[in-house]
Amino acid sequence: MAGIRQFSRFLARCVRLVLRGNAAYWGWVTLLLTLILSGASAYADQLRTGLVLSAMRDQVSWGFYIGNFTFLVGVAAAAVVLVIPAYVYDWKPIREIVIIGELLAISAIVMCLLFVMVDIGRPDRFWHLIPPLGRLNFPRSILAWDMVVLNLYFAVNFVVVAHILYRAYGRRPYSKRLVVPLVLVSIPMAIGIHTVTAFLYNGLVARPYWNSSILAPQFLASAFCSGPAILLVVLQLLRRFTRFEIQNEAIWKIAELMAYAMFLNLFLHGAEAFKEYYSASEHVLYTRYWFQGIGEHRTLVPYAWIAVALNVSAFLLFIVPAARRNWIALNLGCLATYSGCYIEKGMGLIIPGFTPDTLGEIYEYSPTITELRVAAAIFAVGFLVFTLLLRVAVPISLGEFHEEGADPRQGAPAVKPAISPSAAC
């Protein structure tokens, strides 16, 4: 009972903490809540009227929602970029910021699940996906595998973060027997969530654009670019507006790893484009629609070449040590990486896979205002979750938020060592 009362006090103090902040904090939260309310209103209209309010039709049955889902699965997997050098190679500069990547993974998985929910035409039947209430059709269905790995990855990250922060709040050491195995398991799980998502696409025989054995490596390569791009910006903001110490070496090492991932991403895309154009089979039609257009249908062509230009520019910025150590060039590279991967895994993956359709009809898809409002709301939910988690995690990390009366001489002193499970390795 004493432990339950102690945990209840911890939750109550966390609530009071997130309800305090300066004008900039409340301005940011107000903006996110405004977007959420706008999106909730749009989603209510979609529930009442149906998915006809979206631009998705029989020809293009997946659109903006699933494109964002695919992209955010990669963002969720980005924690591995921090986990591997910190936990496997025990590299101290990155070891101290691993928890930020895990918080981002939690927020990204929340957004992933919300995008799946809003894309369901009958969300009242969502319970069929919840065993044992419904029939998940596991293990025969790849979609069932995707649901399982996403939720397990979310659970692993949540348990690790919650345990470490709660123990640090009470100035007690975390349990190595709990944290270290879960952290090591999260590495293959992070790879698995994006691999299974790729299998959802290349397992569809009727969609030649997705029938590529290198789709899963492509997904992983782009994931290890887009997720760290967000992390680098967040780390700089934390260092600027809080006392959270982040070494330059950690930021530069993440940028270097991004350069290698971006090279692999560009190489795999180039290999796939060569195969399509050189073989010149009838399946090249889908790739041609993306890069060249078909007749007067050229809606996606600007997106294709903007994505290529952004990804190449980001690679050139990050591969040069002097450029990635220049803060302006670094942030430009992060922006280019995020934007390029977002276009490539959204418009560039989903729409050409459906266009032309199996009867040769070309349906020019572009998201409606309803889709844009709902998507903006989901991103706002994710950013709000991330903001609130940081609002609690950073003060604990700095030793500013701890259990009243806790002896600072017991357990780990501040949370910097306490939030570093790799110290146990």
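S.K.: Talk me through the overall build of the protein; I want residue IDs and the actual numbers.
M.R.: Within the protein one finds 17 helices and 0 strands. The C-alpha atoms of the protein give 22 Å as radius of gyration, which agrees with the globular expectation for 425 residues (22 Å, within 12%). Projected onto the principal axes, the alpha-carbon positions of the protein cover approximately 70 × 55 × 45 Å. Burial status across the protein gives 51% buried among its 425 residues. Summed over all atoms, the accessible surface of the protein reaches about 19,500 Å², with 67% contributed by carbon and sulfur. Computed over 33 positive and 24 negative side-chain charges, the separation of the two mean positions in the protein equals 11 Å.

S.K.: Describe in detail the confidence of the model for the protein, supporting the description with residues and values.
M.R.: For the protein, per-residue confidence averages 87 on the pLDDT scale, and 92% of positions sit at 70 or higher. Model confidence for the protein, summarised as mean pLDDT per element, is weakest for helix α17 (residues 415–418) at 40 and strongest for helix α2 (residues 23–49) at 95.

S.K.: Before we move on, could you go through the packing of aromatic side chains and cite the residues and values that matter?
M.R.: Scanning the model with the defined rule gives 27 aromatic pairs in all. For the ring pair Phe10 and Tyr169, a centre distance of 4.6 Å and an interplane angle of 55° mean the geometry is tilted. In this pair, Phe10 is assigned in helix α1 (residues 2–18) and Tyr169 in helix α7 (residues 142–169), connecting sequence segments 159 residues apart. Relative accessible area serves as the criterion here: at 7%, Phe10 is assigned to the buried category. Aromatic pair Phe263 and Phe315: ring centres 6.0 Å apart, planes at 35°, arrangement tilted. Note that Phe263 is positioned in helix α10 (residues 248–279) and Phe315 in helix α12 (residues 301–319), a separation of 52 residues in sequence. A relative accessible area of 49% means that Phe263 is categorised as partly exposed. Geometry around Phe219 places Lys345 over its ring, the cationic atom sitting 5.0 Å from the centre. When the ring centre of Tyr25 is taken as origin, the NZ or CZ atom of Arg391, which lies over that ring, is 4.9 Å away.

S.K.: Which residues make up empty space enclosed by the protein, and what are the values?
M.R.: Within the structure shown, the criterion is met by 1 cavity of 30 Å³ or more. The computed volume of the largest cavity comes to approximately 40 Å³. Taken together, Ala79, Val80, Val83, Glu102, Tyr153, Asn157, Ser186, Ile187 and Ala190 form the lining of the largest cavity. Residue assignment for the lining of the largest cavity shows that the elements contributing at least two residues are α4 (79–88), α7 and α8 (176–202). In terms of residue class, the lining of the largest cavity is built from 6 nonpolar, 2 polar and 1 charged.

S.K.: Residue-level account of the layout of surface pockets, with values.
M.R.: In this structure, the largest pocket spans a volume of roughly 1,200 Å³. Along the walls of the largest pocket sit 34 residues, with Trp28, Leu237, Leu238, Thr387 and Leu390 positioned nearest its centre. When residues of the lining of the largest pocket are assigned to their parent elements, the largest contribution, 9 residues, is made by helix α16 (residues 369–397). Here the residues of the lining of the largest pocket sort into 25 nonpolar, 6 polar and 3 charged. Estimates place the volume of the second largest pocket at around 480 Å³. Surrounding the second largest pocket, 24 residues form its lining, Tyr209, Gln218, His269, Trp290 and Phe291 being those nearest its centre. Here the lining of the second largest pocket is composed, by residue class, of 12 nonpolar, 8 polar and 4 charged.

S.K.: For the pattern of salt bridges, give the residues involved together with the corresponding values.
M.R.: Proximity of charged atoms lets side chains of opposite charge pair with each other. One pass over the structure, following the stated rule, counts 7 salt bridges. Here Asp124 makes a salt bridge to Arg122, at a shortest N to O gap of 2.9 Å. By relative accessible area, which is 42% here, Arg122 ends up partly exposed. By sharing partners, the salt bridges in this structure join Lys253, Glu256 and Arg324 into a single network.

S.K.: Talk me through the nonpolar core; I want residue IDs and the actual numbers.
M.R.: Judged by nonpolar contacts, the single largest core of 123 residues is most densely connected at Ile100, Phe115 and Tyr153. Looking at which element gives the most residues to this core, the answer is helix α6 (residues 98–119), with 14 residues. Residues in contact with Phe115, not counting those within four places in the same chain, are Tyr65, Asn68, Phe69, Leu72, Ala375, Ile378 and Phe379.

Criteria and thresholds
Residues numbered from 1 in each chain as written. Predicted model: local features only at pLDDT ≥ 70, side-chain atom pairs only at ≥ 80, totals over all residues. Heavy atoms only, no water. Helix = DSSP H or I, 4+ residues; strand = E, 2+ residues; numbered from the N terminus. Rg over C-alpha atoms; globule rule 2.2 N^0.38 Å. Buried < 20%, exposed > 50% of the residue type's maximum accessible area, 1.4 Å probe, protein only. Areas by Shrake-Rupley, 256 points an atom, 1.4 Å probe, with all protein chains shown as cover. Lys, Arg positive; Asp, Glu negative; His and termini not counted. Charge placed at Lys NZ, Arg CZ, Asp CG, Glu CD. pLDDT = per-residue confidence, 0-100. Phe/Tyr/Trp six-rings, centres within 6.5 Å; stacked < 30°, edge-to-face > 60°. Lys NZ or Arg CZ within 6 Å of the ring centre and 35° of its normal. 1 Å grid on protein atoms, 1.4 Å probe; cavity = no way out; pocket = protein on both sides within 12 Å on 5 of 7 lines; lining within 4 Å. Points joined across faces, edges and corners; volume = space filled by probe spheres on them. Nonpolar A, V, L, I, M, F, W, Y, C, P; charged D, E, K, R; others polar. Salt bridge = Lys/Arg side-chain N within 4 Å of Asp/Glu carboxyl O. Core = buried A, V, L, I, M, F, W, Y, C linked by side-chain atoms within 4.5 Å. Contact = heavy atoms within 4.5 Å.

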